[in-house]
Amino acid sequence: MTHYRRNFIPGGSFFFTVNLADRKLALLTTHLEILRTAFRETRERHPFTIDAIVILPDHLHTLWTLPEGDAAHATRWRLIKSSFSRNIAGGERLSASRVAKGERGIWQRRYWEHTIRNETDFARHVDYIHINPVKHGLVTRVRDWMPSSFHRMVKSGAYPEDWAGDSLNDSGEFGERGE
């Protein structure tokens, strides 16, 4: 059996992808305020910086930087997921395993995590986060997807409002940075 290991680097920056168990549902955008509250409450108890984030109907991508000396991103995800789950109506299908553990069937148990290695890696993941709604065909322009840190970054001057252009007239590169 292969043992999965997470990379815990105190004060590190990490890219995450977190998915719903049922990828056909749109719980994250339908219950956006509940998700925002879960993030806010978790950050109050266990601070971290959300460098970039995009919320899609069935999954989210985010890049966090943890405080110096703190590597507990798993604790933060457990709190966010459990807070969100407690605050939306039940009724999802539950496996025997989830019933036995007292779990809801909303989230996939695990999440994808990537440790950011350098500034280029950081910038490429921020771009990936912001272009994701276009890649999934939810909008043709990044600026048209509201649950995204893209708008905050436009206000700060990090991106022009028309970054990545219009996917209908694009070569497919969208605006992501090359190697």
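Conventions adopted
- Residues numbered from 1 in each chain as written.
- Predicted model: local features only at pLDDT ≥ 70, side-chain atom pairs only at ≥ 80, totals over all residues.
- Heavy atoms only, no water.
- Buried < 20%, exposed > 50% of the residue type's maximum accessible area, 1.4 Å probe, protein only.
- Helix = DSSP H or I, 4+ residues; strand = E, 2+ residues; numbered from the N terminus.
- Pairing = 2+ DSSP bridges.
- Axes fitted to C-alpha atoms, helices over the stretch in contact; angles between N-to-C directions.
- Contact = heavy atoms within 4.5 Å.
- Parallel < 35°, antiparallel > 145°, perpendicular 65-115°, else oblique.
- Left-handed = near helix turned anticlockwise from the far one by under 90°.
- Nonpolar A, V, L, I, M, F, W, Y, C, P; charged D, E, K, R; others polar.

Before going further, it helps to examine the pairing of strand β3 (residues 59–65). The buried count for β3 comes to six of seven residues, which makes it a mostly enclosed element. Across seven bridges, the pairing between strand β1 (residues 13–19) and β3 is antiparallel. For serine 13, the partnering residue across the bridge sits in β3 and is threonine 65. Bridging between strand β2 (residues 49–55) and β3 involves six bridges; their strand directions are antiparallel. In the sheet register, isoleucine 53 faces β3, and the bridge partner there is threonine 62. From the end of β2 to the start of β3, which pair antiparallel, there are three residues.

Judged by pairing direction, the sheet is antiparallel, and its four strands sit side by side in the order β2-β3-β1-β4 without closing on themselves. Each edge of the open sheet is held by one strand with a lone partner, namely β2 and β4 (112–115). Between one strand axis and the next, the sheet turns by 15° as a mean value, whatever way the strands run. Contacting β1, β2, β3 and β4, helix α5 (residues 119–135) crosses the sheet at an angle of about 155° to β3.

Where helix α2 (residues 32–45) contacts helix α3 (residues 73–86), the two axes come as close as 8 Å, and the packing angle between them is 140°. Comparing their axes, α3 and α2 come out oblique. Crossing of α2 over α3 shows right-handed handedness. Mapping the contact onto sequence places Ile34, Leu35, Ala38, Phe39, Glu41, Thr42 and Arg45 in α2 and Arg76, Trp77, Leu79, Ile80, Ser83 and Phe84 in α3. Counted by class, the contact of α2 with α3 contains eight nonpolar, two polar and three charged residues.

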